[in-house]
Amino acid sequence: VAMMASLGLLVDHFAGSDGHGSLGVVATDTGAFGTCVLLIASGAFEASFKEKEGEPGNFGDPLGFGMDSEEMRNKELSNGRMAMLSVLGIFTAELATGRDAFEQFGL
């Protein structure tokens, strides 16, 4: 999710948030409504599935690519953690400078 969020923060510059910036959109009426819808939908989705016995988050190899190994799981965890830090850095820079993720590049 964080990998898609970091890409979405860059795309937000071109999609147009009417000059509010990525975080400023949440304070608008439309942004607050969208945030509420996402939270309710996430909660409903999460509540609809029962936890299975075993390791949390380990879905094995559902598509049959043969990539279900300890090494691939560790790589995916590392990529996810880096993406979370990326999103945190984008948010911090936006709060500090008032410029969105793409403007941080100086372009």
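Residues numbered from 1 in each chain as written. Predicted model: local features only at pLDDT ≥ 70, side-chain atom pairs only at ≥ 80, totals over all residues. Heavy atoms only, no water.

**A word on the overall build of the protein chain**
Rules: The helix count covers DSSP runs of H or I at least four residues long, the strand count covers runs of E at least two residues long, and both are numbered beginning at the N terminus. Each residue gets one of three labels from its accessible area relative to the maximum for its type: buried under 20%, exposed over 50%, partly exposed in between, using a 1.4 Å probe on protein chains only. Areas reported as accessible are Shrake-Rupley estimates using a 1.4 Å probe. Residue values count occlusion only from the protein chains shown.
Looking only at helices and strands, the protein chain has four helices and zero strands in total. Of all 107 residues assigned to the protein chain, the portion counted as buried reaches 15%. Carbon and sulfur atoms make up 65% of the accessible area of the protein chain, which amounts to about 8500 Å² in all.

**Overview of a nonpolar patch on the surface**
As a reminder, the rule being used: In this scheme, patches are assembled from residues that exceed 30% relative accessible area and form no salt bridge. Like charges are connected within 9 Å, while nonpolar side chains (Val, Leu, Ile, Met, Phe, Trp, Tyr) are connected within 5 Å. The working definition used for a salt bridge is a side-chain nitrogen of Lys or Arg within 4 Å of a carboxyl oxygen of Asp or Glu.
A cluster of nonpolar side chains, namely Leu63, Phe65 and Met67, defines an oily patch on the protein surface of about 380 Å² accessible area. With relative accessibility at 65%, the residue Leu63 sits in the exposed group.

**A look at the packing of aromatic side chains**
Definition in use: Two rings belonging to Phe, Tyr or Trp (six-membered ring only in the last case) form a pair when the distance between their centres is within 6.5 Å. Interplanar angles under 30 degrees mark stacking, angles over 60 mark edge-to-face geometry, and anything in between is tilted.
Taken as a whole and assessed by the stated rule, the structure comprises one aromatic pair. Between the aromatic rings of Phe102 and Phe105, the centroid separation amounts to 6.2 Å while the plane-to-plane angle is 75°, which identifies the pairing as edge-to-face. Overall, the relative accessible area of 56% leaves Phe105 in the exposed class.

**A closer look at helix H1 (residues 2-15)**
Spelled out, the test is: One less than the residue count of a helix, multiplied by 1.5 Å, gives the span that helix is expected to have. The seven residues ending at a residue and the seven starting there each receive a fitted axis; the angle between those axes is the bend at that residue.
The terminal C-alpha atoms of H1, which comprises 14 residues, lie 19 Å apart, in line with the 20 Å expected from a rise of 1.5 Å per residue. At Leu9, H1 shows its maximal bend, which comes to roughly 30°. Among all positions of H1, only Ala2, Ser6, Leu9 and Asp12 are buried.

**A few points about the environment of Met67**
Rule in force here: Should any heavy atoms of two residues lie within 4.5 Å, those residues are counted as being in contact.
In this structure, Met67 sits in the loop between helix H3 (29-47) and helix H4 (70-97). Non-local contacts of Met67, meaning those with residues more than four positions away in its chain, are made with Asp61 and Met72.

**Some thoughts on the confidence of the model for the protein chain**
Basically, it comes down to this: Residue-level confidence of the predictor is what pLDDT reports, using numbers from 0 through 100.
For the protein chain, mean pLDDT is 81; residues scoring 70 or higher make up 90% of the total. Within the protein chain, helix H2 (residues 21-24) has the poorest average pLDDT of any element, 70, and H4 the best, 88.

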